[in-house]
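Next come the chains, spelled out residue by residue.
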Amino acid sequence: MGKKENGARRLPPLKLSSVLIGCFLAFGILALLIEGIALTNTFRRMTAESRRTEIQNRGQILSTKLTRAGYLKNTAEGNSSLDAEMDTVAEAFNGRILLIDGSYRVVRDSFGIAKGRYDIAPEVIRAFRGENVSGGSQSRQYLIQATPVYDTVVVRDSADSGSPARTVEGVLLFICSTEAQNSEVSQLYTSIWILSAILIVLMAGLSIFLAHRIVKPFQDLLAAMNKVAGGDLSVNVEQNTYVITKRISRALNAALQKLKSADQSRDEFVSNVSHELKTPITSIRVLADSIMSVENAPVELYKDFMNDISQEIDREAKIIDDLLSLVRMDRTAAQLNRKPTDMHEMLESILKRLRPLARVNNIELTLETVREVKADVDETKFSMAVMNLVENGIKYNVKDGWVKVTLDADHQFCYIKVEDSGIGIPEDQQEAVFDRFYRVDKARSRETGGTGLGLTITKEIVLLHQGIIRLSSKEGEGSQFLIRIPLIYAANSTRTDAAEKRKSEGTQERTQQ
Ligand code: ADP
């Protein structure tokens, strides 16, 4: 399949304006062609019809005159005025008139060549039966009209009381050429094609003009997109000619808005990171300068200062570690090392590790397992998420306070609650604490070695596990963080979903001055 696709020759992309021009011209030419053919055919039919009717009428008039004059009764003498009329009519119609008597003998021929011969053409035979016969051939370019010439004597039909019955005494045969009409039709053909050619040229011009007008809004959009691609995010795309261009403009503006805010948030992040990284370095410099400025400082003082410097270095290392954790999370989210993990065991080991820290302020650390449960998690990452919460519970607590971790589950989800009796988080800052580098009390956070990245990392990890995290807190009373993750990992919900969710939640960098 892949081979076939590779082997298949790919057509180059088509230019929209060329496609439109092609379509306009194709439709236009087709319409002209159909119209030209229909027009000439109708004209041909109508001229043939009117010619036939004219010949029929002329034949009828001549036939009546021949009957009245009793021409066929006295062929030997003839009738000079009727002879002249027949010749004139034949000439006018560019044709020939034959008069045939009851014995199928030609008694008069306007060409004067068939007189005395017999004519038993089918039209003549039918005319002797009283029919007015019209015929002819388009290809041989002639029309034929056979009109019965009746006897002067009118006999009453015994069976039919009203209508007079007459005998057919002879037949007037009218043969005329249609050459002139055909040449008129071909003239019309020529005129139509010349006109069509002119119209096609005009149409081509109009098609090019229209195609460019139609394509222009899309070209405007492309120009705007190229500007954006060139790095100009200040472009305001507005192209409302068509509903579709209006929608594209709107989508583009929305994408631009996102790009702008991503740009802004990246700038903020970079400046925050620089600021955070600079702070310990500044402290180290101040400490080093101060000890150096003291002449003959005692070793104890040096030790003191070196201890402070070492703490600042630890802080710097912690910030870098946390930042790396965040970056790695973005990169390796798709490769979460999930496996069914005993959550109770995992929580116990977290609490065990944090007990020494809790002991410092005599904080009671307890774990309540309502239901033992196994969940599909990446143990290392998920431990880090919960550890951040428990550590915060200890750090932002009061002396002799408590931190309680509760594990529960239902058939679908695993719930981990981390509650503390600490200082709490003001309501208006509860959303912001999940943002990078956000701290409610910067001094306290620094004192406790905080980086302002702990909750961001926790939230990222929970989202990667297709979970949610909720915070409820009351200042001065304590906080409660609740994590809910699905017990079984749904493979079709990917990292992209988590990333999308993160973005839709509008996580923005914030600077706390
Ligand atoms: P930090 O490294 O400063 O602890 P976090 O991202 O973990 O950063 O937390 C952000 C801020 O949220 C903290 O600086 C603190 O002000 C506040 N905070 C977090 N957890 C708690 C808690 N359990 N009680 C009170 N305040 C908290």
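Asks: A description of the overall build of the protein should follow, citing residues and the corresponding values.
Replies: Broken down by element type, the protein carries 12 helices and 12 strands. For 513 residues, the compact-globule estimate of 2.2 N^0.38 gives 24 Å, and the C-alpha radius of gyration of the protein, at 53 Å, exceeds that figure by more than 25%. By principal-axis analysis of the C-alpha atoms, the protein measures approximately 165 × 60 × 45 Å. Counting across all 513 residues of the protein, residues that qualify as buried make up 39%. Total accessible area on the protein stands at roughly 30,300 Å², and carbon and sulfur atoms take up 55% of it.

Asks: Explain empty space enclosed by the protein residue by residue, including any values.
Replies: For the coordinates displayed, the defined rule picks out 1 cavity of 30 Å³ or more. Lining the largest cavity we find Arg338, Asp376, Val377, His465, Gln466, Ile485, Pro486, Leu487, Ile488 and Tyr489. Elements that contribute at least two residues to the lining of the largest cavity include exactly β8 (374–377) and β12 (478–486). Residue composition of the lining of the largest cavity, grouped by class: 6 nonpolar, 2 polar and 2 charged.

Asks: Quick one: what's the story with the pairing of β8, residue by residue and with numbers?
Replies: Only one face of β8 is covered, namely the one carrying Ala375 and Val377; the face carrying Lys374 and Asp376 has none of its residues buried. Pairing of strand β6 (residues 339–342) with β8 involves 4 bridges; the strand directions are antiparallel. Bridge pairing in β8 links Pro340 to Asp376.

Asks: Before we move on, can you summarise the packing of aromatic side chains with the specific residues and values?
Replies: For the coordinates displayed, the defined rule picks out 6 aromatic pairs. Ring geometry for Phe434 versus Phe481: centroids 6.3 Å apart, planes at 80°, classification edge-to-face. Of the two residues, Phe434 sits in the loop between β10 (413–420) and α10 (442–447) while Phe481 sits in strand β12, which places them 47 residues apart along the sequence. On the basis of relative accessible area, Phe434 is assigned to the buried category, the value being 9%. The exposure class of Phe481 is buried, given its relative accessible area of 5%. Cation over ring: Arg436 sits above Phe269, and NZ or CZ is 4.7 Å from the ring centre.

Asks: I'd like to hear about the domain arrangement of the protein, residue by residue, with values.
Replies: What the domain assignment reports for the protein is domain 1 (19–152 + 164–184), domain 2 (233–331) and domain 3 (334–511). Spacing between the C-alpha centres of domain 1 and domain 2 amounts to 105 Å.

Asks: Pulling in residues and values, what's your account of unusual backbone geometry?
Replies: Glycine aside, a negative phi is what most residues show, and trans is what most peptide bonds show. In this model, Asn362 sits at a positive phi of 55°, which is unusual for a non-glycine residue. Tracing the backbone shows Asn362 in the loop between α8 (343–360) and β7 (364–369). Phi is positive for Phe437, close to 65°, though the residue is something other than glycine. With respect to the secondary-structure elements, Phe437 resides in the loop between β10 and α10.

Asks: I'd like a rundown of the layout of surface pockets, residues and numbers included.
Replies: The computed volume of the second largest pocket comes to approximately 510 Å³. In terms of lining residues, the second largest pocket is bounded by 31 residues, among which Asn392, Lys395, Tyr396, Gly454 and Leu455 are the most central. Of all the secondary-structure elements, those providing two or more residues to the lining of the second largest pocket are α7 (299–332), α9 (379–395), α11 (454–464) and β12. Here the lining of the second largest pocket gets 7 residues from one element, more than from any other, and that element is α9. Taken together, the residues of the lining of the second largest pocket sort by class into 12 nonpolar, 12 polar and 7 charged. Both domain 2 (233–331) and domain 3 (334–511) contribute no fewer than three residues apiece to the lining of the second largest pocket.

Rules behind the numbers
Residues numbered from 1 in each chain as written. Predicted model: local features only at pLDDT ≥ 70, side-chain atom pairs only at ≥ 80, totals over all residues. Heavy atoms only, no water. Helix = DSSP H or I, 4+ residues; strand = E, 2+ residues; numbered from the N terminus. Rg over C-alpha atoms; globule rule 2.2 N^0.38 Å. Buried < 20%, exposed > 50% of the residue type's maximum accessible area, 1.4 Å probe, protein only. Areas by Shrake-Rupley, 256 points an atom, 1.4 Å probe, with all protein chains shown as cover. 1 Å grid on protein atoms, 1.4 Å probe; cavity = no way out; pocket = protein on both sides within 12 Å on 5 of 7 lines; lining within 4 Å. Points joined across faces, edges and corners; volume = space filled by probe spheres on them. Nonpolar A, V, L, I, M, F, W, Y, C, P; charged D, E, K, R; others polar. Pairing = 2+ DSSP bridges. Phe/Tyr/Trp six-rings, centres within 6.5 Å; stacked < 30°, edge-to-face > 60°. Lys NZ or Arg CZ within 6 Å of the ring centre and 35° of its normal. Domains from an automatic or database assignment.

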